[in-house]
Amino acid sequence: MAQKSKAYRAAAEKIDADKVYTVEEAAALAKETASQKFDSTVEVAMRLAVDPRKADQMVRGTVSLPNGTGKTARVIVFAQGPAAEAALEAGADEVGSDELIAKVADGWTDFDSAVATPDMMGKVGRLGKVLGPRGLMPNPKTGTVTPDAAKAVTEIKGGKIEFRVDKHANLHFIAGKASFTEDQLVENLKAAIDEVIRLRPSSAKGRYVQKASVSTTFGPSIPLDVSAF
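Keep in mind the model is a prediction, meaning the values are calculated, not measured.

Engineer: Describe in detail helix H4 (residues 98–105), supporting the description with residues and values.
Structural biologist: Helical geometry note: an α-helix holds 3.6 residues per turn, so side chains three or four residues apart project in the same direction. By the burial criterion, the buried members of H4 are Leu100, Ile101 and Val104. Buried residues of H4 fall within an arc of 100° about the axis and therefore sit on the same side. Summarising the contacts, the buried residues of H4 are in contact with strand S3 (75–78), strand S4 (94–96), helix H5 (121–124) and helix H6 (128–131).

Engineer: Describe the packing of helix H2 (residues 23–33) against helix H8 (residues 182–198), with residues and values.
Structural biologist: In contact at an axis separation of 9 Å, H2 and H8 are set at 125° when each is read in the N-to-C sense. It follows from the interaxial angle that H2 and H8 lie oblique. The handedness of the crossing between H2 and H8 is right-handed. When H2 is examined against H8, the residues Val23, Glu24, Ala27, Ala28 and Lys31 are found in contact with a partner set consisting of Glu182, Leu185, Val186, Leu189, Lys190 and Ile193. Here the contact of H2 with H8 is built from residues that sort into seven nonpolar, no polar and four charged.

Engineer: How would you summarise the sheet that holds S4 if you had to cite specific residues and measurements?
Structural biologist: What the three strands build is an open sheet, ordered S4-S3-S5; its pairing is parallel. Either end of the sheet is taken by a strand with one partner, and the two such strands are S4 and strand S5 (113–116). Averaged over all pairs of adjacent strands, the angle between their axes in this sheet comes to 15°, without regard to strand direction. Where S3 lies against S4, three bridges are found, and the strand directions are parallel. Paired with Ile76 across the two strands is Glu94, which belongs to S4.

Engineer: Requested: an account of the sheet that holds strand S7 (residues 170–177), with residues and values cited.
Structural biologist: Ordered by their spatial adjacency, four strands build an open sheet running S7-S1-S8-S9, and the pairing between neighbours is antiparallel. Looking along the sheet, the strands with just one partner apiece sit at the ends: S7 and strand S9 (222–223). Sheet topology note: the strand S8 (residues 209–216)/S9 ladder contains two bridges and is antiparallel. Along S9, the bridge assignment pairs Ser213 with Pro223.

How each quantity is defined
- Residues numbered from 1 in each chain as written.
- Predicted model: local features only at pLDDT ≥ 70, side-chain atom pairs only at ≥ 80, totals over all residues.
- Heavy atoms only, no water.
- Buried < 20%, exposed > 50% of the residue type's maximum accessible area, 1.4 Å probe, protein only.
- Helix = DSSP H or I, 4+ residues; strand = E, 2+ residues; numbered from the N terminus.
- Arc of directions from axis to C-beta.
- Contact = heavy atoms within 4.5 Å.
- Axes fitted to C-alpha atoms, helices over the stretch in contact; angles between N-to-C directions.
- Parallel < 35°, antiparallel > 145°, perpendicular 65-115°, else oblique.
- Left-handed = near helix turned anticlockwise from the far one by under 90°.
- Nonpolar A, V, L, I, M, F, W, Y, C, P; charged D, E, K, R; others polar.
- Pairing = 2+ DSSP bridges.

Shown next as structure tokens:
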């Protein structure tokens, strides 16, 4: 295992390994322990008491962060006709039908989110092997399969994030940037965590959120007090 950098060790020393932190404390520590060389992304990792193999325990959703993500998402749209024109006007980075599908089928995935109109899904469905493993496949449950592609683009560009529990019952999402104020980070963290809590499956047993932590890019993990959830 590679030796941790001096900066990482100095940051880790500011975190009490025997303590769990409130969202407010974690936001302050995230700013304090973030790299000084670049604007780190603030991320959250959660371990849920669900069995993702069961359809009724799959936790998946979206939430619009009150203060955005701190970066402009790259969005592509599979559409044609007026819907394609509207998506371009809304700020989509690339819009198309057959040609765009062929480009993605060849392995191009230089984007953060993909949106499709319902009439395109018969063709877009063939991209499952490329988009599925990367979590980029358009899905009506997350609002990325919609006749109003322009609205979806506007929401994603404005800070809408998607989260989905993995096969090990872990869930990750972005909560902003270290350059955000503490209040902005707290608002984003609480909005996202509240949505994860709201989506608790009725069949989930015991304590729903078993572990949770906040971290910054290349930074140490800050354990959250999950009893507060």
